[in-house]
Every structure is written in C-alpha cells, then in structure tokens.
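Residue strings, one per chain:
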Amino acid sequence: MAGFCRARGRHAEAEELYRRSLTTVEEHLRSEVDRSRKRWRPWRNRKELEVRISRNQIPISTALDGLALVYEDQKKYCEVEPLRRRSLEIKERAWGERYSSFLADSLAAHAHVLHKIGGEHDAAEIDKRVEAIPGNKIGQ
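What comes next concerns the included structure. Residue numbers run consecutively from 1 along every chain, following the written order of its sequence. At least 70 in pLDDT is required for a residue's local features to be given in this predicted model, at least 80 for side-chain atom pairs to be given and counted, and no such filter applies to totals for whole chains, interfaces and linings, which use all residues. The side-chain figures draw on all heavy atoms in the structure; neither hydrogens nor water molecules are used.

## Section: the overall build of the protein chain
Here is step 1 of the chain: Where helices and strands are cited, they refer to DSSP runs of H or I of at least four residues and of E of at least two residues respectively, numbered from the N terminus. Looking only at helices and strands, the protein chain has seven helices and zero strands in total.
Here is step 2 of the chain: Remark: exposure states derive from per-residue accessible area (1.4 Å probe, protein chains only) relative to the maximum for the residue type, with buried under 20%, exposed over 50%, and partly exposed in between. When burial is assessed residue by residue, the protein chain has 38% of its 140 residues classed as buried.
Here is step 3 of the chain: When checking whether two residues touch, look at their non-hydrogen atoms; a contact exists if any pair is within 4.5 Å. Of the contacts formed within the protein chain by residues at least 6 apart in sequence, a portion of 55% connects residues at least 24 apart.
Here is step 4 of the chain: Carbon and sulfur atoms make up 51% of the accessible area of the protein chain, which totals about 8800 Å². Throughout, the Shrake-Rupley method with a 1.4 Å probe supplies accessible areas, and for residues the shown protein chains are the sole cover considered.

## Concerning helix α7 (residues 120–131)
Here is step 1 of the chain: A helix is expected to span 1.5 Å for every residue after the first. Taking 1.5 Å of rise per residue, the 12 residues of α7 would be expected to cover 16 Å, and the 16 Å separating its terminal C-alpha atoms lies within 8% of that figure.
Here is step 2 of the chain: Against the buried residues of α7 lie α6 (100–116).

## Quick word on the nonpolar core
Considering soluble globular proteins, one finds that nonpolar side chains tend to be buried as a cluster.
Here is step 1 of the chain: One finds Ile60, Leu64 and Leu83 to be the most contacted residues of the largest nonpolar core, which totals 20 residues.
Here is step 2 of the chain: Elements represented by at least two residues in this core include exactly α1 (2–7), α2 (11–39), α4 (58–73) and α5 (77–95).
Here is step 3 of the chain: Here, nonpolar core means buried Ala, Val, Leu, Ile, Met, Phe, Trp, Tyr and Cys residues that are tied together by side-chain atoms lying within 4.5 Å of each other. Core analysis: the second largest hydrophobic core is formed by 10 residues, Leu88, Leu114, Ile126 and Ile133 among them.

## What about unusual backbone geometry?
Here is step 1 of the chain: Phi is positive for Lys75, close to 60°, though the residue is something other than glycine.
Here is step 2 of the chain: In this structure, Lys75 sits in the loop between α4 and α5.

Structure, rendered in structure tokens:
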C-alpha cells in the first residue's frame, strides 16, 4: 500500500505506512531475537546465531529503503542519508563481502544521496566499492 501511495504522489500517506511497516518489522524481529536467544543452546556456535539474527534484519532494510524513496521523491536528502546508511549496514552484516553483488544497489543508493548532500569524499569511496564489484551493471 505504501508503494501505491508513493507512486500516486501521496507522500505523507506513504511515509506513514512505511514508518508503521518499519515499526512492525522491528518489533517482530525483537521478539524473534529474544525467542532465539532463549532457546539457543550454549554449546552451539554463537557466531551462527549472530548470522541468523543479521539475516533476519533484511526486512528492516527493505522498510528503510522504502521510506528513503519517499524522502528522495521530495528531495529531502538529509533525511534519506541515515536511512540509506542503516539499510546498507544491515545488508553488509547479513551478507558480508562474499555477497557484494547483493550490495551494489544499496551502495549506489547511499553514494547517490551522499553526492546530493555534499559528502563527495565518502561518496567517491563508495563509488569505488561499487565499481569493484564483479558483474556490476550499475553505472555502465
């Protein structure tokens, strides 16, 4: 529904729906993490639990990206940057460098907003990372 509102230019409604979605996903994830930690056996690999938790945060990243798009449509780039950064951090924790091709779009989106707000140095560093990703189609 949020995407529909955004496509129709109803930014206030889209923002509210994306915010509600983000809140719902974060609350659900918190309860899932608590349950996982309670039933996780101490002798099992703790790193495996952390990876599982990181990958379960991907829906948060998706909600952040949707909200960022609403703000980008309105050219509110200072509000976009922390959303894009947090989304990228979630994806980097979840996928790591081995799956850098999954990160290309998020890296490029974060670099784009950094360019818009004058963060040229940081944006250039991210642009280099995007260009170094094998099979990357962004910017070609």
